[in-house]
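# What the coordinates show
Residues per chain, in single letters:
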Amino acid sequence: MSAYAEFYRRSIEDRDAFWAEQARLIDWQQAPQTICDDSRAPFTRWFAGGTTNLCHNAVDRHLATRAEQAALIHVSTETGVEKTYSFAELHAEVQRMAATLRALGVGQGDRVQIYMPMVPEAVFAMLACARIGAIHSVVFGGFASGSLASRIEDAEPKLIVSADAGSRGGKVIPYKPLLDEAIRLSRHKPPAVLLVDRGLAPMERTAGRDHDYATLRAQHLHTVVPCTWVDATHTSYTLYTSGTTGKPKGVQRDTGGYAVALAASLPHIFMGKPGETFFCTSDIGWVVGHSYIVYGPLIGGMATILYEGLPTRGLDGGNDPGIWWSLVEKYKATVMFSAPTAVRVLKKQDPAYLKKYDVSSLKALFLAGEPLDEPTGRWIADALGVPIIDNYWQTETGWPLMTIANGVESRPSKFGSPGVPMYGFDVRLLDEATGDELTGPDQKGVVVVQGPTPPGFMQTVWRDDARFVKTYWDSIPGKRVYSTFDWGVRDADGYYYILGRTDDVINVAGHRLGTREIEESISGHPNVAEVAVVGVADALKGQVAMAFVVARDASGLVDDAARLKLEGEIMKVVDAQLGALARPARVQFVGVLPKTRSGKLLRRAIQAVCEGRDTGDLTTMEDPGALQQIRDLVVR
Ligand code: AMP
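Bear in mind the structure is a predicted one, so any value in this text is a computation, not a measurement. (Residues numbered from 1 in each chain as written. Predicted model: local features only at pLDDT ≥ 70, side-chain atom pairs only at ≥ 80, totals over all residues. Heavy atoms only, no water.)

Regarding its fold elements, the protein presents 20 helices and 32 strands. For 636 residues, the compact-globule estimate of 2.2 N^0.38 gives 26 Å, and the C-alpha radius of gyration of the protein, at 24 Å, lies within 12% of that figure. Dimensions of the protein, computed from the C-alpha atoms along their principal axes, are close to 70 × 65 × 55 Å. Within the protein, contacts between residues at least 6 apart in sequence are counted, and of these 69% link residues at least 24 apart. For the protein, the exposed surface amounts to about 23,600 Å²; the carbon and sulfur share of it is 51%. Positive and negative side-chain charges in the protein, numbering 67 and 74 respectively, have mean positions lying 2 Å apart. (Helix = DSSP H or I, 4+ residues; strand = E, 2+ residues; numbered from the N terminus. Rg over C-alpha atoms; globule rule 2.2 N^0.38 Å. Contact = heavy atoms within 4.5 Å. Areas by Shrake-Rupley, 256 points an atom, 1.4 Å probe, with all protein chains shown as cover. Lys, Arg positive; Asp, Glu negative; His and termini not counted. Charge placed at Lys NZ, Arg CZ, Asp CG, Glu CD.)

Here's what the structure looks like:
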């Protein structure tokens, strides 16, 4: 048996001993009493009875050995800022933030929503929450008022931490008006808002509610805030993700299991060592950012680069597609983590930019978030000369579900495959209709995980255990397994290939969006009677959203100009509610949408037409002309 096969086998068959060993990678105030408690499956509890703290493990425990070493390296090509915080400085800043949170009434178990650009204060706020046992809920800064409002309503935060503005490609994006509008829309009104003023955009303040961070920080420069020891099962954060309904789900994560999962992933998967630098180009608004910009590298005693900006812009604001590689060289990054979309953007630039810098410090480049196509994988592998390691995961899993654990045993990657199941994940392929397990090679099925799920995996859906069970664990007939809602196949060597979603979720530039959410937003336009949104393959972004609308009053849609005007208006509605990320690439107008006789929208058929594929069996379709209209539009 190969070294990895044995490692994997132990993680499943000798679960408690395996994870008790991994648990030694972090500091505990009190050792765990039970390793895995699955008595209330599927609500698996890890390391119960043990007490620990995420912030202690990410910051305080390194003070004895590496206080003066770099911990957080902030680089913003938007504002020209480049600043390094040592572990000692990070420790001081986190305490200032924690003291501020306390002064604003935040205590253990309270929620703090963080709606921030990629600035150090966002990381301080996350760590400060962990320090005092508060639950953070980061909302991606690119989301607009509607998305933010639904998350505020669900999380019911005591405090929202935000900033005057973000910036993208040199364009200032004011956050405060979006936040004010979100609070106006939300039934829950947070009693306090803490604002970081970057001096980018003017802010209106609501007296009694809005507080200035610079002022409060100055009052707490030397306040000592010890870590609150919490049970391993204490919720550390929630992070919302799109599903098949319009209402996003609050993925809830624990403390001890998460810390152990991340601590173990560094040597086993990412091959990162204390004192080295980790450069993850994601955003703190996504799970990859939580795990590998903030907690993972710091828990592992590594410096982490917090990068604000495009991959093609220099610190002086000019065009510079070599910026990331210059940072790898400057900070001697050993581990880099990005997304295929970002690589596809760089691929369009002059390859000379890549050759300008010495990237020999890199051990590997990890890519995740969407399928890695072979041309992109090959291009970057040739250009960088380091292994490119695809890894497949979800907000729900917290860390890679499939990849190659080169730290355990070096094994080749295969193009197009994220690899094999990671230790702790009992992955199976099931027939969607019958629930039967597919054991042979090259059979297409739904990728599922047999419980108990490993440390770091979601605990439940925030305040909705029933939804957790119904959505994830009851979707396959006759089986109590966690469904990823991804199609997959496994080859004869045990490598998996991910073939897209089984549900109505689409993936735009590595970001997960629910088509229903976009449809609901579009329906908010007064002249929209019906709408269908589908994801369509795109060379740069992987997928883009396409909307087909039946207008309430089509009499004005006489020419292209009139249609373009309404299309623009509809896009504005999506921009304002969900953010530009969710904006469809096109909005097209049709007389009728293709549906089954029972009224179910035929999204897969629409998608097939848009991608020029065969539509499959359409005998249940109500109006055969409906698809022809879409075909005519797409061909045009
Ligand atoms: P999110 O929860 O936003 O990270 O989205 C998770 C989804 O992104 C998965 O269910 C997959 O559909 C897709 N995904 C993530 N990583 C990969 C990958 N390496 N290869 C293929 N699909 C991926």
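Here S521 is to be found in helix α17 (residues 515-523). A residue is classified by how much of its surface remains accessible, and S521, at 2% relative accessible area, is buried. Of the polar contacts made by the side chain of S521, one reaches the side chain of Q577; its length is 3.2 Å. If we ignore the near neighbours within four places in the chain, the residues touching S521 are V573, V574, Q577 and L578. (Buried < 20%, exposed > 50% of the residue type's maximum accessible area, 1.4 Å probe, protein only. Polar contact = N/O pair within 3.5 Å; in protein donor to acceptor, adjacent residues only side chain to side chain.)

Under the present numbering, the feature "domain: Acetyl-coenzyme A synthetase N-terminal" (unreviewed entry) in UniProt falls on residues 4-58. Between the end C-alpha atoms of residues 4-58 there is a gap of 28 Å, over a span that is 42% helix and 11% strand. (UniProt positions renumbered as here; feature names shortened; annotations may be inferred.)

Looking now at the packing of aromatic side chains. In total, this model carries 39 aromatic pairs according to the counting rule given. Look at F270 and Y292: their rings are 4.4 Å apart centre to centre, the planes differ by 45 degrees, and that puts the pair in the tilted class. A residue pair is termed long-range when its members are at least 10 positions apart, and F270 in helix α10 (residues 256-270) and Y292 in helix α11 (residues 287-299) qualify at 22 residues. A single burial state applies to F270 and to Y292, both of which are buried. Taking the centre distance of 6.2 Å and the plane angle of 65 degrees together, the rings of F468 and W473 count as edge-to-face. One exposure class covers both F468 and W473, and it is buried. Here K414 stacks its cationic end above the ring of Y495, 4.7 Å away from the centre of that ring. (Phe/Tyr/Trp six-rings, centres within 6.5 Å; stacked < 30°, edge-to-face > 60°. Lys NZ or Arg CZ within 6 Å of the ring centre and 35° of its normal.)

Take the pattern of salt bridges next. A side chain with one charge can pair with a side chain of the opposite charge if their charged atoms come near. The tally for this structure, following the rule as stated, stands at 41 salt bridges. A salt bridge links D37 to R45; its shortest N-O distance comes to 3.1 Å. For R45, a relative accessible area of 33% puts it in the partly exposed group. We note a salt bridge from D197 to R205, for which the minimum N-O separation is 3.5 Å. When its relative accessible area of 41% is taken as the criterion, D197 is described as partly exposed. Sharing partners across several salt bridges, the network here consists of K176, D180, R209 and D210. (Salt bridge = Lys/Arg side-chain N within 4 Å of Asp/Glu carboxyl O.)

Attention now moves to unusual backbone geometry. Looking along the chain, the bond that leaves A41 and enters P42 is cis, with omega of 5 degrees. Of note, P42 is situated in the loop between β1 (36-37) and β2 (45-46). A cis amide bond links G451 with the next residue in sequence, P452, at an omega value of -5 degrees. For P452, the location among the structural elements is in the loop between β24 (445-450) and β25 (460-461). Here the phi dihedral of R463 falls at roughly 55 degrees; this positive angle occurs in a residue that is not glycine. Residue position: R463 is located in the loop between β25 and α16 (465-473). Unusually for a residue other than glycine, A509 sits at a positive phi of about 50 degrees. Position of A509 among the secondary structure elements: in the loop between β28 (505-508) and β29 (511-514). For A509, a relative accessible area of 18% gives the class buried.

Moving on: the sheet that holds strand β5 (residues 81-86). Judged by pairing direction, the sheet is mixed, and its seven strands sit side by side in the order β5-β4-β17-β16-β18-β19-β20 without closing on themselves. Each edge of the open sheet is held by one strand with a lone partner, namely β5 and β20 (388-391). Taking the axes of each pair of neighbouring strands and ignoring which way they run, one obtains an average angle of 20 degrees across the sheet. Here strand β4 (residues 70-76) pairs with strand β17 (residues 303-308) via five bridges, running parallel. Residue pairing across strands places S76 opposite E308, the latter belonging to β17. Against the sheet, α11 engages β4, β16 (277-280), β17 and β18 (333-338), with an angle of about 145 degrees to β17. (Pairing = 2+ DSSP bridges. Axes fitted to C-alpha atoms, helices over the stretch in contact; angles between N-to-C directions.)

Along the polypeptide, P441 turns up in the loop between β23 (426-430) and β24. The spatial distance from the C-alpha of P441 to the C-alpha of Y495 is 9.6 Å, given a sequence separation of 54 residues.

An order of β12-β11-β8-β6-β7-β14-β15-β25 is seen for the eight strands of this open sheet, with the pairing classed as mixed. Because the sheet does not close on itself, it has two edges, and the strands there are β12 (210-212) and β25. Two strands pair when backbone bridges link them, and strand β6 (residues 111-115) and strand β8 (residues 159-163) are joined in this way by four bridges, in the parallel orientation. Across the sheet, residue V112 finds its bridge partner in β8, namely L159.

Now for the packing of helix α6 (residues 120-132) against α11. Remark: α6 packs on α11, axes separated minimally by 12 Å, with the N-to-C direction vectors making an angle of 60 degrees. Between α6 and α11, the angle falls in the class oblique. The hand of the α6/α11 crossing is right-handed. Across the interface between the two elements, V123, M126, L127 and A130 from α6 touch H290, V294, Y295 and L298 from α11. (Parallel < 35°, antiparallel > 145°, perpendicular 65-115°, else oblique. Left-handed = near helix turned anticlockwise from the far one by under 90°.)

Every regular strand shows the same layout, with side chains that alternate between the two sheet faces. In terms of residue burial, β4 counts as a mostly covered element, since six of its seven residues are buried. Two strands pair when backbone bridges link them, and β4 and β5 are joined in this way by six bridges, in the antiparallel orientation. When the sheet's bridge partners are listed, A70 is paired in β5 with S86. Linking β4 to β5, which pair antiparallel, is a turn of four residues; within it G80 sits at a positive phi near 75 degrees.

Let us look at the site of the ligand. Surveying the vicinity of the ligand reveals 14 residues, the closest of which are D390, T395, D486, R501 and R512. Between the ligand and D390, the relevant distance is 2.8 Å, taken from a nitrogen atom to a side-chain nitrogen or oxygen of the residue. R501 has a polar side-chain atom sitting 2.8 Å from an oxygen atom of the ligand. At the level of secondary structure, the elements contributing two or more residues to the shell around the ligand comprise β20 and β27 (496-501). When grouped by side-chain class, the residues that make up the shell around the ligand number four nonpolar, five polar and five charged. (Near = heavy atom within 4 Å. Nonpolar A, V, L, I, M, F, W, Y, C, P; charged D, E, K, R; others polar.)

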